[in-house]
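# Tertiary structure, described
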Amino acid sequence: MDPLPPEEPDTPRSEPVIDFTTEPEPVPDPEPPAPETAAEDEHDEHEGTLEGADPEPSDDDAVTNARLRALLSAWLNEVGNRGGFANASVGDGTQVFQAGKMYIHGAEFAAAPRRGPVPASLLRPLASVYAEARCHRELLAALQHSPLQCLVGTPRTGRNTAAIAVAVEYLKRRGLKVEGSIHILASDRGLAAVDEQAIPEDTALIIDVAELQSAHLGPIEDELRRKRSALIVVAATEPAGSAAHRQNRTVAYRPPSTESVFRSHLGMRLPADRVDAVVSLRSVRTNLQPCRSANEAARLAAAVLSEIENGTRDADLLAGMEPSGFLDDAAKELRNSEHWKRHFLIAATVLSDLSASTVVREATRLAELHEPEGIAGEIPRSRWFEGPIDRWSEAVRLADLDDNGAGRTVRLTHPGLAPHLLRLVWREHLGERDLLLDWLLGLGDHPQRSVRDKAAEAAAQLACYDFEVLTREVIRPWALDGRYRTRQTAALAIETLTVADDGRFASRVQQLVKNWASGGNVRLLAASAVAYGTFLGAQEPRTALSGIRGITGSRVNRSHWRRGSSWPERIERELAGIVRKALVNLFDAGAQENVLFELEHWTRLPHWRWKRGAARSLVDLAGKDGRSAVPLLVELAAGQTEIYDAVLTLWRNAFDPEYRNEAGWDALRRWLDFADDHRGTDATEAVAVIDRLAADLRNDADVAESFTFHQQIWDFRKYKRLPRNPDTSLPWRPRHV
């Protein structure tokens, strides 16, 4: 791998913050001990193979979206009792609004934005598909007595959807405009972040908090009355404190019945009489009865609409939801087929929906693991897969040709067959286990991103049946490989396993990654950083940021290298880049305020590594846009004093003479250009934040001189780009800064 360009400042190196030769203090396990222990994470002499970035970077949005849909499927309780990861497909245009909100690894699956006005594009379809919660009228009546109400109920049962629907009706009853008047407030600090500036006039506000304190309710209620606004606080528990403070401010959330949700989603496309006919079908009622939440009922309705659009007769709707007959046929093939056909079925199970050439190639590799030198007395290896595909397996079919030139794809005869087949292979075909593990291990570094994602999903699925074996034999070796692709595959398997089986393995996975992060192996440190940047870290942001903080302060032990070797510095640079990317991913996953306050804390730590990490991370985050191209950090800081102070502290740290570089100044210039271009527009609040930030930076003696110098350069460049008239152009003069 070519050496990376140096990015460390020429500052004196103090003693290592964390020495890889020392063992961390033991921490008690909340679960039975995970297969990893910090004592296992020791040095080896090949740590220099750490690869910081993908040698062949690609941007395959389709594969990324497919991976995220698989995670969403696991989140929606499609794992466990139903046999594994089911398809996440829904009817074209059908939306599942009864779900709550979630954020996974840089992508947002939400019924509402994380922060800001709820767009009209969501409100219109919500009005046609919303199934009224059984507490809807009670909450609406309570808002007439007090503008602050706490909607208390179980997460992921439709609380936020109900709050939005109530807010719509509340505004209509008061004769106020609905569009743009319903705001989502997102804050990791809960109600402590709701102050006078955060409450606009004549609006309905919604905030989802983890904990409630009744002491916060009184002052907020007074401000709401003064501004003629209302606030619905969505929480899992009642506010702690005096019962007098809770009086007339708490409404228990009662979700709608699953049948009403199912009917409302069908009514989005079908007339009322057709909805009644569909609901009365025996196959439909059989599948609707076990639905445990509004979320599952909404997804079942999406599946029915999809089948209707595909021309399925009413009598056959949902008739094939359970793959029992298909599974019996596939089980016979696994028992009776020749070994190469059996391995083709296994490969198709893991790599379903990928191109036929890829599946056949990987099936051949799996079969070769069984017979490396071929099979004596049988047909040559070159003739294993001959003739049409229906001769190989009746459980596999070819999909239609792809218009984008990818060729035909291999699919199972039933979309829900894959998890059942994997479980069958693992539990009943014990002789295939080692071959399957070795084959999955090789897929972790496959050049195709889609193959690696499928391998990670299969590893997570099998870990539900044998956690110890899969984490030890597949996921940990991926992490120990040191290369970018295998590290990402390990992190994806960990992320998927976190949400699998309704979160049953979440605590064990957290402990596994915690052990990696507290050990001394640099490649496991890198893998744990990537894992903390996934949904695993978004579930427990404080734990994730604590682990990332320790990784940032780590230093490679020089005793393993000859004097003057550049490898330790190179490894540390790559590890620093991996950590910064993990922080950005964790920020995108929803832990925005947690990440900002953690980076602010880094600026006060005594070692230059954390301060430099905070400076570089700020540059990464400063380039992210929110709504209407407003810098996202500016959007977060508007109306939140503590966030503004954190952002200002980070900018001052970034312009410290020991850590600043031109990337930081370029990021600030972009903010200033945004403010200049949007004066007098609707972005007045963002412009005011940027102007205040610029004034505070100029008042800082350590920053002012360099700021003035760069401001003059930027003004000169703007002047040079302006069209000039030779008869009227004047000599350039720097504007007063």
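Residues numbered from 1 in each chain as written. Predicted model: local features only at pLDDT ≥ 70, side-chain atom pairs only at ≥ 80, totals over all residues. Heavy atoms only, no water.

Helix and strand content of the protein: 30 helices and 12 strands. Within the protein, the fraction of its 737 residues that count as buried is 54%. Pairs at least 24 apart in sequence give 73% of the contacts found in the protein among residues at least 6 apart. Of the roughly 33,200 Å² that the protein leaves accessible, carbon and sulfur atoms contribute 48%. (Helix = DSSP H or I, 4+ residues; strand = E, 2+ residues; numbered from the N terminus. Buried < 20%, exposed > 50% of the residue type's maximum accessible area, 1.4 Å probe, protein only. Contact = heavy atoms within 4.5 Å. Areas by Shrake-Rupley, 256 points an atom, 1.4 Å probe, with all protein chains shown as cover.)

One pass over the full model with this rule turns up 7 aromatic pairs. Here Phe655 and Trp665 contribute two aromatic rings whose centre-to-centre distance is 3.8 Å and whose plane-to-plane angle is 10 degrees, an arrangement assigned as stacked. In this pair, Phe655 sits in the loop between α27 (641-654) and α28 (662-677) while Trp665 sits in helix α28, placing the two residues 10 residues apart along the sequence. The pair formed by Phe655 and Trp665 is uniform in burial state, with each residue classed as buried. One aromatic cluster is present, formed by Trp651, Phe655, Trp665, Trp671, Phe707 and Trp714 through successive ring pairs. Above the ring of Tyr644, the side-chain terminus of Arg692 is found at 3.9 Å from the ring centroid. Across from the ring centre of Phe707, 4.7 Å away, lies the NZ or CZ of Arg698, which sits over that ring. (Phe/Tyr/Trp six-rings, centres within 6.5 Å; stacked < 30°, edge-to-face > 60°. Lys NZ or Arg CZ within 6 Å of the ring centre and 35° of its normal.)

Here we take up the pattern of salt bridges. Tallying each qualifying case throughout the model produces 35 salt bridges. Between Arg433 and Asp466 there is a salt bridge whose closest N-O contact spans 4.0 Å. With a gap of 33 residues between them, Arg433 in helix α15 (residues 433-443) and Asp466 in the loop between α16 (449-463) and α17 (467-480) connect regions that are remote in the sequence. Using a relative accessible area of 25% as the deciding quantity, one classes Arg433 as partly exposed. Where salt bridges share partners, they join Glu132, Arg137, Glu169 and Arg173 into one cluster. (Salt bridge = Lys/Arg side-chain N within 4 Å of Asp/Glu carboxyl O.)

With respect to the helices and strands, Glu333 occurs in helix α11 (residues 324-336). Among the residues examined, Glu333 registers a relative accessible area of 12% and is labelled buried. Sequence separation between Glu333 and Glu394 is 61 residues, and the spatial gap between their C-alpha atoms is 8.2 Å. Once you skip the residues sitting within four places of it in the chain, Glu333 turns out to touch Leu345, Trp392, Ser393, Glu394 and Ala395.

Let's shift gears to the packing of α16 against α17. Between α16 and α17, the shortest axis-to-axis distance is 8 Å and the interhelical angle comes to 155 degrees. In terms of orientation, α16 lies roughly antiparallel with respect to α17. Every residue of α17 that contacts α16 at Ala455, Ala456, Ala459, Leu462 and Ala463 is listed here: Phe467, Leu470, Val474 and Trp478. Residues that form the contact of α16 with α17 fall into these classes: 9 nonpolar, no polar and no charged. (Axes fitted to C-alpha atoms, helices over the stretch in contact; angles between N-to-C directions. Parallel < 35°, antiparallel > 145°, perpendicular 65-115°, else oblique. Nonpolar A, V, L, I, M, F, W, Y, C, P; charged D, E, K, R; others polar.)

Once that is clear, we can look at the pairing of strand β5 (residues 148-152). Of all 5 residues in β5, 5 are buried; the element is thus mostly enclosed. Across 5 bridges, β5 lies against strand β8 (residues 230-235) in parallel orientation. In the strand pairing of β8, Gln149 is matched with Ile232. (Pairing = 2+ DSSP bridges.)

This part is about the environment of Val469. Along the chain, Val469 falls in helix α17. Considering only alpha carbons, one finds Val469 and Leu437, 32 residues apart in sequence, at a separation of 9.3 Å. Excluding its chain neighbours within four sequence positions, the residues that come into contact with Val469 are Trp426, Leu437 and Val474.

Further remarks concern the sheet that holds β5. Strand order in the open sheet formed by 6 strands is β4-β6-β7-β8-β5-β9, with mixed pairing between adjacent strands. Looking at strand neighbours, the two that pair on one side only are β4 (116-117) and β9 (250-252), the edges of this open sheet. With 4 bridges connecting them, strand β6 (residues 182-185) and strand β7 (residues 204-208) associate as parallel partners. Bridged to Leu185 within β7 is Ile207. Sheet contacts for helix α3 (residues 136-145): β5, β8 and β9; angle to β5, the most-contacted strand, approximately 160 degrees. Here helix α5 (residues 217-226) sits on the sheet and contacts β5, β7 and β8; the angle it forms with β5, its principal contact strand, is near 125 degrees.

For residues that are not glycine, phi is negative in most cases, and the peptide bond is trans in most cases. A positive phi angle, close to 55 degrees, is found at Asp202, a residue other than glycine. Tracing the backbone through its elements, the reader meets Asp202 in the loop between β6 and β7.

All quantities given are derived from atomic positions and should not be read as evidence of function.
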